[in-house]
Amino acid sequence: TVPNERYFDIARNLDIFATLFKEVNSFYVDSINPNDMMRTGIDAMLGSLDPYTNYIPEDEIEDYMTMTTNQYGGVGMLIGRSNDKNIVLMPYRGFPAFNSGLKIGDELIKVDDLDVTRMTTSDISRLLKGQSGTDVRVTIQRFNSKEPIEYTLKREKITIENVPYYGFASPEIGYLRLSDFTTSAGREVSRAVEKLKAEGAKKIILDLRDNPGGLLNEAVNVANVFISRGMDVVSTKGKVTEWNKTYKALNNAVDTEIPLVVLTNNRSASASEIVSGTIQDYDRGILVGKKTFGKGLVQTTRDLTYNSKLKVTTAKYYIPSGRCIQAINYGERNDDGSVKKIPDSLKVAFKTTNGRTVWDGGGVDPDLDVERKILAPITISLISKGLIFNYATEYFYRHETIPPSKEFTVSDEEFEKFIAWLNDKDYDYTTKVEQTIEELERLSKEERFNGEVGAEILDLKAKVRHNKENDLVKFRNEIRDILEDEIVTRYYLSDGTIESSFDDDPQIKAAVDILNNQEKYDSLLARN
């Protein structure tokens, strides 16, 4: 029978694999590490399936648990690398790094007695993490200090909230950002919406941009904040039919009527797509932003021997209209090995509760497509070379206080100081148009057209050659917005970053506009 043939194939191939491994281990010319070799084989095998089916050995279990619970033993700060320095990007309020006095912009020199100046940020993070209650010494170099400063931090259990911020985008419009779907995400969203309503919110913006997803049951709980108990949220279907299940809203909703906008982008994935797709399928709110990532797959964790685990894709999920938003077919690949996207011709139309047409197979499309701000090359250069970051740090040590984040602005006088500060700094860049002209010049020489079109190319180069000083004037407002956001972060941390963006984030502004226009809101939901 076919099942018997399959079992024989499995047994035969396992036997071949085991004997091959023994032979290589015994006779390969150089000594090999059996653990590394086996890990390479396992990763390559699982890599032929999809990116979400992974092997988790015992020594990585703690990192995996951190991902699913947002809890770890550590000091509570985000670090990054800029201009060959490891720096503090964000100390989380209320945790050891913040409480001890570490600041954004501090350069990490040592952890305990170990020089970390040349280490990767991931290696430094491992040094900083450890059992709650233990001490770790951190030596930093601060902008306004000649000598390094040493701090002794006591590690504690760090729990990163799924809702890092909630507040008001405008007087009656509450805003909350959901950055993850780990344990308690639904409870945090419920609590935030209740508090916003108590403080006067008549409308809500739920920001799911850049949210990679997480626990499926928490996606159900978050959707349940806005839809009634007993309503279908998501169904899973896979090879093991007894695992197929429909997940319903189990709790009483916080509010099923309050006008709602959900912000999405191409990095809103998995659980984010369950929530946004459910809101769209029931016409419960408006989706604003960009098309979501398109991950309609469900993973289950299976225990293996020696305390290791396998995270394996076991099902696809389907949102209330019946559509699966999985955009990529990992079972089929192009000639170059890349995975195939589901072609538009194979996508199927579905209907929302109000009869609007929605499609499967390509993520969740927004009801209102709004681009995020596209930055000019000069702005990107100033950010990527750390110049805006460094100026904000210097500003912080020159000014003890600033107005509240929603009110703070960089004055014309201050912006002129910033331009003067840039005088001896390297922030040169090449625009895309300049790159294209250089490529055209190369091709014209290669194909021997240089004599015929060379003069025209030189004329074109002269016309589009950028001038840094002119660009500082031309893109003054854009650069000023980014500089304001960065300065505010020094005083008000991540809350300030978000609040400062309310007046210059095109997608948040579009959300506010639509919530203030009931006629347009109703028309997008196909309400009579």
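The rules behind these values
- Residues numbered from 1 in each chain as written.
- Predicted model: local features only at pLDDT ≥ 70, side-chain atom pairs only at ≥ 80, totals over all residues.
- Heavy atoms only, no water.
- Helix = DSSP H or I, 4+ residues; strand = E, 2+ residues; numbered from the N terminus.
- Buried < 20%, exposed > 50% of the residue type's maximum accessible area, 1.4 Å probe, protein only.
- Pairing = 2+ DSSP bridges.
- Contact = heavy atoms within 4.5 Å.
- Axes fitted to C-alpha atoms, helices over the stretch in contact; angles between N-to-C directions.
- Parallel < 35°, antiparallel > 145°, perpendicular 65-115°, else oblique.
- Left-handed = near helix turned anticlockwise from the far one by under 90°.
- Nonpolar A, V, L, I, M, F, W, Y, C, P; charged D, E, K, R; others polar.
- Phe/Tyr/Trp six-rings, centres within 6.5 Å; stacked < 30°, edge-to-face > 60°.

Quick one: what's the story with unusual backbone geometry, residue by residue and with numbers?
In this structure, Asp112 takes a positive phi of about 55 degrees despite not being glycine. With respect to the secondary-structure elements, Asp112 resides in the loop between strand 5 (107–111) and strand 6 (114–115). You can call Asp112 partly exposed: its relative accessible area is 31%. Despite not being glycine, Ser270 has its phi angle at roughly 55 degrees, a positive value. Relative to the elements of secondary structure, Ser270 occurs in the loop between strand 15 (260–264) and helix 8 (271–281). Under the relative-accessibility criterion, Ser270 is labelled buried at 9%.

Can you tell me about the sheet that holds strand 16 (residues 286–289), naming the residues and giving the values?
The strands that make up a sheet pair up through hydrogen bonds in the backbone, lying either parallel or antiparallel. Overall, mixed pairing links the 6 strands, which are arranged 10-11-12-15-16-23 in an open sheet. The open sheet has two edge strands, strand 10 (165–170) and strand 23 (368–369), and neither has a second partner. Bridge count between strand 12 (residues 203–207) and strand 15: 4 bridges; the pairing is parallel. Its bridge partner being in strand 15, Ile205 is matched across the sheet by Val261. Sheet contacts for helix 8: strand 12, strand 15 and strand 16; angle to strand 15, the most-contacted strand, approximately 140 degrees. On top of the sheet, helix 16 (residues 506–515) reaches strand 10, strand 11 (173–177), strand 12, strand 15, strand 16 and strand 23; it is set at about 160 degrees to strand 15, its chief contact.

Pulling in residues and values, what's your account of the packing of helix 10 (residues 387–398) against helix 11 (residues 412–421)?
As a packed pair, helix 10 and helix 11 sit with axes 11 Å apart at the nearest point and diverge in direction by 125 degrees. As summarised for this structure, helix 10 and helix 11 are arranged oblique, according to the angle between their axes. You can see that helix 10 and helix 11 cross each other, and the crossing is right-handed. Between helix 10 and helix 11, the residues in contact are Leu387, Ile388, Asn390, Tyr391, Glu394, Tyr395 and Arg398 and Glu414, Lys417, Phe418 and Trp421, respectively. Tallied by class, the residues present in the contact of helix 10 with helix 11 amount to 6 nonpolar, 1 polar and 4 charged.

Could you give an account of the packing of aromatic side chains, naming the residues involved and the relevant values?
If you walk through the whole model with that rule in mind, you get 12 aromatic pairs. Summarising the aromatic geometry, the rings of Phe415 and Phe418 are spaced 5.9 Å apart at their centres and angled 50 degrees between planes, so their arrangement reads as tilted. A residue pair is termed a helical-turn pair when its members lie 3 or 4 positions apart in one helix, as Phe415 and Phe418 do in helix 11 at 3 residues. The exposure class of Phe418 is buried, given its relative accessible area of 0%.

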